Amino acid sequence: MKISGYLRPDGSIGFRNHIAILPSVGCANDVVVRLGRMYPDVRLLSHRQGCSQVGPDNDQTVRTLVGLGKNPNIAGVLVIGLGCETISAEYLAEEISKTKKMVDYLVFNDEEGLMAALPKGAKMLDRMLHETSKMKRVPCDLEQLTVGLKCGLSDTTSGIASNPATGIAADRVVESGGTVIFGETPELIGAESIMAKRAASREVEEKLYRVVNECKERVKTSGGDIQEANVAPGNIEGGITTIEEKSLGSIKKGGGTTLQGVLDYGEIPREKGLFFMDSPGRTPEALTGFNAAGAQILIFPTGGGSPAGSLISPVIKVTANSQTAQRLKGHIDIDVSTVISGDELLVKAGDRIFQKLLEVANGEQTKAETLLYGSISIWNISPLCG
Amino acid sequence: MNIQQAIMMDEKDNVATLLTAIEKCHQVQIKVGERSFTVQAKETIPYGHKIALKDIEKGGKVIKYSEVIGRAIDHIKEGTHVHVHNTESLSAKNL
């Protein structure tokens, strides 16, 4: 199947054509919400960061906000700042403009209050929405596709069906020249050597060990027990014996290709292929990291079910638990419980996920997309200061 | 709905995951790709737990997903339950 998308001025391809409003700081969220009431089709990327952050934490927020604006699914961005924040709206707009897409910015403190800021923002949105309406899809290659993978509420069926089936689809994307990003650093604790064997180079291997060690250190520094990362009593009851088995079940969703690199949270990969992103297990934060890295489509295998979605990229939800597939019909896109019942081979289920990925790239809405389920949540790595 | 009994994730594995609880002495049908074979259960094993597909020596590798998921701390006989009572992690101690 051929895929098509919206060609951006920097050569990237969007599989959606959104206009977004991005606050540079949490204090500007109200302006975003008010404009959103006037323009229901505009994506509101409200978040609570952007101020009083220092060092690596500030760098991470900047990287993420710039990455969100650069995501190819977004045709144009209106950045809204307050004027006193650490990360200025002007700076973000300038960085995002490097893609040559439509970018405008508005600083609240330069206006005479909210009622003056709103019509100004509205005028900027009007222009961008009108320009967007004229854009048309063009044929493109899978090389232009970046897929983010995250699993959630995993159960026995995840490790044996929904994750490995997703992994088969991930392999097809990489083999077709595309890019796949998966994450969840805590899931690698205790199983880092298994993943490290697949690293493309010594540097990739070293970075993988480094991010896992930093994750362990954060748990220790915060007074947590690292053994909690180990197999929990509920896992043991469910049949998981060791931390290696638990992690393997999770990393299976990334397929079996060579690990080309380890990305910082929200970092855009510079090459094609399979990447691991240093990221937390919490779903909105992990998905936001993939959005910032440029993923245009996300796949979410689940056992017990989840409504997970994203404001920027369609999320395809997959389950191999037949009860979840029934109960959450309105949220699940692909039922692969056929692998459990013996009615379908794993490889065929993987192929169905890959086919769905192509349909979604071409514009078919996922359940979460139709429901407009999703939010932006930026991973905060250190305590706030100031 | 039809429920198959056990799935072996890779031809190199020496354990399979049960997709239904199995009673002692039952012949368990194991599926791996398009191939299937049977192993007799030597004890009752719960849903989602693992069954040994061959004898695993004490100290031997327990393999699932074609990877080592742990080490046998006892001799594990074919058809018996593979779990925390007879298998340990190789890396949990280094956490």
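Residues numbered from 1 in each chain as written. Chains lettered and ligands numbered in written order. Predicted model: local features only at pLDDT ≥ 70, side-chain atom pairs only at ≥ 80, totals over all residues. Heavy atoms only, no water.

Engineer: I keep staring at the layout of surface pockets and nothing clicks. Help me out?
Structural biologist: One water molecule sets the probe size; rolling that probe over the atoms shows where empty space is left. All names here are of chain A. In this structure, the largest pocket occupies an estimated 700 Å³ of space. In terms of lining, the largest pocket is formed by 36 residues, of which the most central are Ser-154, Glu-187, Asn-235, Ile-240 and Lys-246. At the level of elements, helix 5 (156-175), helix 7 (202-221), helix 8 (233-238) and helix 9 (243-251) are the ones that each hand at least two residues to the lining of the largest pocket. Sorting elements by how many residues they give to the lining of the largest pocket places helix 9 first, with six residues. Classifying every residue of the lining of the largest pocket by side-chain character gives 11 nonpolar, 16 polar and nine charged. (1 Å grid on protein atoms, 1.4 Å probe; cavity = no way out; pocket = protein on both sides within 12 Å on 5 of 7 lines; lining within 4 Å. Points joined across faces, edges and corners; volume = space filled by probe spheres on them. Helix = DSSP H or I, 4+ residues; strand = E, 2+ residues; numbered from the N terminus. Nonpolar A, V, L, I, M, F, W, Y, C, P; charged D, E, K, R; others polar.)

Engineer: It is not clear to me how the interface of chain B and chain A should be interpreted in this structure. Could you clarify?
Structural biologist: Many authors give the size of an interface as the accessible area that is lost as the parts come together. The partner chain A presents 34 residues to the 32 residues of chain B that form the contact. Across the chain B/chain A interface, buried area totals approximately 2,600 Å², and carbon plus sulfur atoms make up 60% of it. One salt bridge connects Glu245(A) with Lys50(B), and the closest N-O pair in it is separated by 2.9 Å. Put simply, chain B and chain A have 15 residue pairs in polar contact (both at pLDDT 80 or more) between them. Of all the secondary-structure elements, those providing two or more residues to the side of chain B that touches chain A are strand 7 (67-72) and strand 9 (87-88) of chain B. Here the element with the most residues in the side of chain B that touches chain A is strand 7 of chain B; it accounts for four residues. (Contact = heavy atoms within 4.5 Å. Buried area = accessible area lost by both parts, 1.4 Å probe. Salt bridge = Lys/Arg side-chain N within 4 Å of Asp/Glu carboxyl O. Polar contact = N/O pair within 3.5 Å; in protein donor to acceptor, adjacent residues only side chain to side chain.)

Engineer: Would you mind going over the sheet that holds strand 7 of chain B with me for this structure?
Structural biologist: Across a sheet, strands are paired by hydrogen bonds formed along the backbone, either parallel or antiparallel in direction. Read from one edge of the open sheet, three strands run 6-7-9 (chain B), paired in antiparallel fashion. The two strands at the open ends of the sheet, each matched to only one other strand, are strand 6 (61-64) and strand 9 of chain B. Looking at chain direction, strand 7 of chain B and strand 9 of chain B are connected through two bridges and run antiparallel. Directly across from Ala72(B), in strand 9 of chain B, lies its bridge partner Thr87(B). Packed onto the sheet, helix 9 of chain A meets strand 6 and strand 7 of chain B and runs at close to 165 degrees relative to strand 7 of chain B. (Pairing = 2+ DSSP bridges. Axes fitted to C-alpha atoms, helices over the stretch in contact; angles between N-to-C directions.)

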